[in-house]
Structure formats: structure tokens, C-alpha cells
Amino acid sequence: MPSIDFDRVSQYIEMPRDGRSLLEQPERELRITMGLRLDHELMQSDVYVVYFNTARGPAKGGIRFWPTVTMEHTAELAEKMVWKTALVGVPFGGGKSGIRLDPADYSRMHKTAILKEFVRVIRHELVSGTYVPAPDMGTNAYDMAVIFGETHLPESVTGKPPRVGGLPGRLEATGRGLATCIRAASEKYLDSGLDRRTVGIQGFGNVGGWCAKFLHELGTKITFAADISGGIHADTGLDAHKLAQWCSEGKLLEDYPEYDHVSNDEVLTADVDILVPAAVEDVLTSENASRIKARIIVEGANGPTTPEADAILDEGGITVVPDILANSGGVIASYIEWRKAKSGSLTSRDETFETIDELILGGFHKVSDFAEQTNTSLRTAAECLSVQEVIAAMHDRGWI
Ligand code: NAD
């Protein structure tokens, strides 16, 4: 089942029956049993590769190396990529792959051997450009370098380390785009720049940490922050750079020696202007939604708000900037890296940020204008615009 409620969307856009039918299930699902002898033992794992829709371009989406991946969840994540790429206008479809293993159980050498086997089993997809992977949970830039080493095609994979054909600014990209989106939302809905606003961030990993650093540069006061261990608070503002450094060393916020220590729930329901859930899915629920005091929520994580919470927040007049727009900085950077690989050109960190800002702001204004014109939420507006774009592409391709 698609994550988007097509009945709701079709109240605002034209939704041909054939287009809807093609979007109701993934275009292609591959299930592979991968077997490999590592030292003296057989490593056997299920591998899932899903292309949800490729009308707008190659299937783009990360490789998840995780013990609980399933075909269903891989398809859900692939679907998200379809809407994300369509909304900000990068020429990709949506895909995802999952290798059902616990990365913690494997040494770097064994993981490299598994990735090489993964490339062997889906070589055709990678060298033909049908599927362009990137890092996701359990995989990283070095793993992407291994894939590049097997295909010899720099455009076959993104998220590589900069010295192996990767993009300067890729690591910061999602946090950068998120901060830009937060700035735009503050200007539009709070009628002021970020220098007079307070922000709470849940999740201080790659996305939350970099977002905090960019917000700090914009003069924003981050008064609450949380990670898996709990939260911290200071009315005078937290030092984003020091906190991000602490967390990047693998340390927990509960052990941070300064500031007041609070619970995760206190961070989510804190008295701040803007709340940024940037950790995991389903953290804003029917249980806590009515206690949220922020006036704007900008979704850094994928799917942090349950549909029940979304309805409560909407009713309470809280503006939610949806994940498919707010965290699209990463896929925009992937597009820049792919374009750079295809053309052989060089791109600087500043150019990366310039393109991310341009595409995110373009998406933000399109979505907020549509929401205003149709009197809908930003989430419904974003979904309508994405679906409309994919349906138009399927029409162009002669599929419908
Ligand atoms: P990460 O692993 O680097 O960081 C995750 C952070 O969330 C950590 O601080 C961790 O302590 C915290 N956390 C984990 N479980 C928690 C819980 N139950 N309660 C509170 N905090 C918790 O991950 P990331 O790359 O920063 O990704 C964060 C989210 O953003 C995920 O939903 C991911 O799918 C999404 N996302 C990431 C990217 C990217 O480029 N990294 C792009 C798009 C979307």
C-alpha cells in the first residue's frame, strides 16, 4: 500500500485511474538469497532491491545493512524516494535495497567481501544505471567506495568519500538542507529570521548535528537537544559545535558535563518556536501531539509524525514541514555527485550548498504556495505536487 492517501490527494489534483493503479505497488522487487563463505562459515542473507517507480529517472536510494530489513519496509523507503526526488525536481526515481545482516557482526574485511558479492548479484542494475545506491543505515562512504571499485563507474553509486569521486559537502548535505528549510519556514510562518527564534532538536547524529551547526551560524538559539540517551537544555542556548563534536565521537548526551539534563519527552514538548525531530520515525504520536508547544515542526527524520499526530497538530494550528521536502538535501547532493561523475567536472563545497539551497527553497515556495491556494497542510501540498509530477512523467513516457 502506498504511504500517500490517494483519495485525499485526488481532491486537489487530477489523478488518472491508470496512474493511480501503477503507483499503488512497486514497479519491481528483487529478492535474492546471497551466500558467501567467510573464513570457515557460510554467511547467508536475504537481499531486497526495490524500484518503486522509475518514470522520472534511475531508481535512487540507499543500501540498508540491517538485521530487521524486510521487503515491505524496503518498498516503503523506496516509495519515499519517489516523492522526494519529484518534489525537488532531481531526475531520479525511487529505489532502495536491504541486506538482512547485523553490520556489527562483521569486520571491515568481511563487510567488503559481502558488498563485493552484493555488486556481483546486482551488477547489471548498477552498470546499466538502473539503480544508483548511496549509504543508509549500516553502510557508509567507505562501503560506497568499495562498490565504485567493483563497477569502475563513478556515476554508479553516490555518497563516496570526496577523494574517491565523492562530493565535498555530501556529509553535511541533509543538515544543510534542513537548516535552509527551517530558515524559510521561520521567515514565512513566524514572520522573522532565525536570529530571534528558539529551536529544539531531537537526534544529534549526522542530520541533527549538522543542522544545529548551520542554525548556530544563522544566529539561532538551540535551547533543547536530545539523543537516544535523553536531552539537555539551556535557556541561553546550547553550543551546537561542541555538542556535535561530542556526539560524533560516539558519546551520549546523558554524559555531557554541562547544562540541565531533561528527558526526550521534555525536548519534544519544549517551549520552543521550532521543533526538529531528526532521529527516528514515529516519535510524534497521539500521546504527545497535543502537548507540543512549538509553532512549527520541521521533519529531519523520515516519518517522525504518525498520521494520528499529524491530524492533532493540524487541528492545533501547528505547521509541519514534511520530511519529503525538509530532509531532501541528501538526495540533492547525490544528484550533484552523480552529475559531477557523469560530466567529469569538479564541484566545491560552496557550490554543493548553493544548489541544495536553491532546490530546497524552490520546493518550499512551491509547496507553501500550493497549500495556501488550496487551503491544505504543507504535507498534503507536498504530496500533491510530487504525485502530479510523477503522473506527468508516466504520461510523457507513454505508460499511461
Ligand atoms: P544517525 O544515526 O547519525 O543519528 C541518529 C540520532 O538519533 C542519534 O543522535 C541517536 O542517538 C538519536 N536517536 C536514535 N534513536 C532515538 C530515539 N529513540 N529517541 C531519541 N533519539 C534517538 O542518523 P542520521 O543519519 O542523522 O539520520 C537521522 C534521521 O534522518 C533518520 O530518520 C534518517 O532516515 C533520516 N535521514 C537521514 C539522511 C542522511 O543523509 N543521513 C537523509 C535523509 C533522511
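Worth saying up front: this structure is predicted, and the values here are computed from it rather than measured. (Residues numbered from 1 in each chain as written. Predicted model: local features only at pLDDT ≥ 70, side-chain atom pairs only at ≥ 80, totals over all residues. Heavy atoms only, no water.)

So, on to the packing of helix H4 (residues 108-121) against helix H6 (residues 141-151). At a minimum axis separation of 9 Å, H4 and H6 run at an interaxial angle of 45°. Classified by the angle their axes make, H4 and H6 are oblique. H4 and H6 meet at a crossing whose hand is right-handed. Facing Arg 108, Lys 111, Thr 112, Leu 115, Lys 116 and Val 119 of H4, the residues of H6 in contact are Tyr 142, Asp 143, Val 146, Ile 147, Glu 150 and Thr 151. For the contact of H4 with H6, the per-class residue count stands at five nonpolar, two polar and five charged. (Axes fitted to C-alpha atoms, helices over the stretch in contact; angles between N-to-C directions. Helix = DSSP H or I, 4+ residues; strand = E, 2+ residues; numbered from the N terminus. Parallel < 35°, antiparallel > 145°, perpendicular 65-115°, else oblique. Left-handed = near helix turned anticlockwise from the far one by under 90°. Contact = heavy atoms within 4.5 Å. Nonpolar A, V, L, I, M, F, W, Y, C, P; charged D, E, K, R; others polar.)

So, on to the packing of aromatic side chains. According to the stated counting rule, one finds nine aromatic pairs in the structure shown. Ring geometry for Trp 246 versus Tyr 256: centroids 5.1 Å apart, planes at 80°, classification edge-to-face. Of this pair, Trp 246 sits in helix H9 (residues 240-248) while Tyr 256 sits in the loop between H9 and strand E10 (260-262), and the two are ten residues apart along the sequence. The exposure class of Trp 246 is buried, given its relative accessible area of 17%. Using a relative accessible area of 6% as the deciding quantity, one classes Tyr 256 as buried. Note on Tyr 256 and Tyr 259: the rings are 5.8 Å apart at their centroids and 10° apart in plane angle, and the pair reads as stacked. Across from the ring centre of Phe 65, 5.3 Å away, lies the NZ or CZ of Lys 111, which sits over that ring. (Phe/Tyr/Trp six-rings, centres within 6.5 Å; stacked < 30°, edge-to-face > 60°. Buried < 20%, exposed > 50% of the residue type's maximum accessible area, 1.4 Å probe, protein only. Lys NZ or Arg CZ within 6 Å of the ring centre and 35° of its normal.)

Once that is clear, we can look at the site of the ligand. The local shell around the ligand holds 17 residues, among which Thr 174, Phe 204, Asn 206, Val 207 and Ile 228 are the closest. Between Asn 206 and the ligand, the recorded distance is 3.0 Å, taken from a backbone N or O atom to an oxygen atom. Within the contact set of the ligand, an oxygen atom lies 2.9 Å away from a backbone nitrogen or oxygen of Val 207. Burial of the ligand by the surrounding chains reaches 68%, relative to a free accessible area of 840 Å². A breakdown of the residues in the shell around the ligand according to their chemical character gives seven nonpolar, nine polar and one charged. (Near = heavy atom within 4 Å. Polar contact = N/O pair within 3.5 Å; in protein donor to acceptor, adjacent residues only side chain to side chain. Areas by Shrake-Rupley, 256 points an atom, 1.4 Å probe, with all protein chains shown as cover.)

Looking now at the domain arrangement of the chain. When cut into domains, the chain gives domain 1 (26-164) and domain 2 (173-326). Using C-alpha coordinates to define each centre, domain 1 is positioned 29 Å away from domain 2. Every contact between the two is made by six residues of domain 1 and, on the other side, six residues of domain 2. For the pair domain 1 and domain 2, the summed buried area comes to about 550 Å², and 61% of that belongs to carbon and sulfur atoms. Contact with domain 2 buries surface across domain 1, with Lys 80, Lys 84 and Leu 87 losing the most and accounting together for 67% of the total. (Domains from an automatic or database assignment. Buried area = accessible area lost by both parts, 1.4 Å probe.)

Let us look at the nonpolar core. The biggest cluster of nonpolar side chains holds 84 residues, and the ones touching the most others in it are Trp 83, Ile 182, Leu 215, Ile 274, Val 298, Val 321 and Val 387. Counting residues per element, this core draws most heavily on helix H15 (residues 378-396), at ten residues. The residue makeup of this core includes at least three contributed by each of domain 1 (26-164) and domain 2 (173-326). Setting aside anything within four residues of it in sequence, one finds Ile 274 in contact with Ile 182, Ser 186, Leu 190, Leu 194, Thr 198, Val 199, Gly 200, Ala 294, Ile 296 and Val 298. Formed by 25 residues, the second largest nonpolar core is a distinct cluster that contains Met 34, Leu 38, Phe 65 and Ile 99. (Core = buried A, V, L, I, M, F, W, Y, C linked by side-chain atoms within 4.5 Å.)

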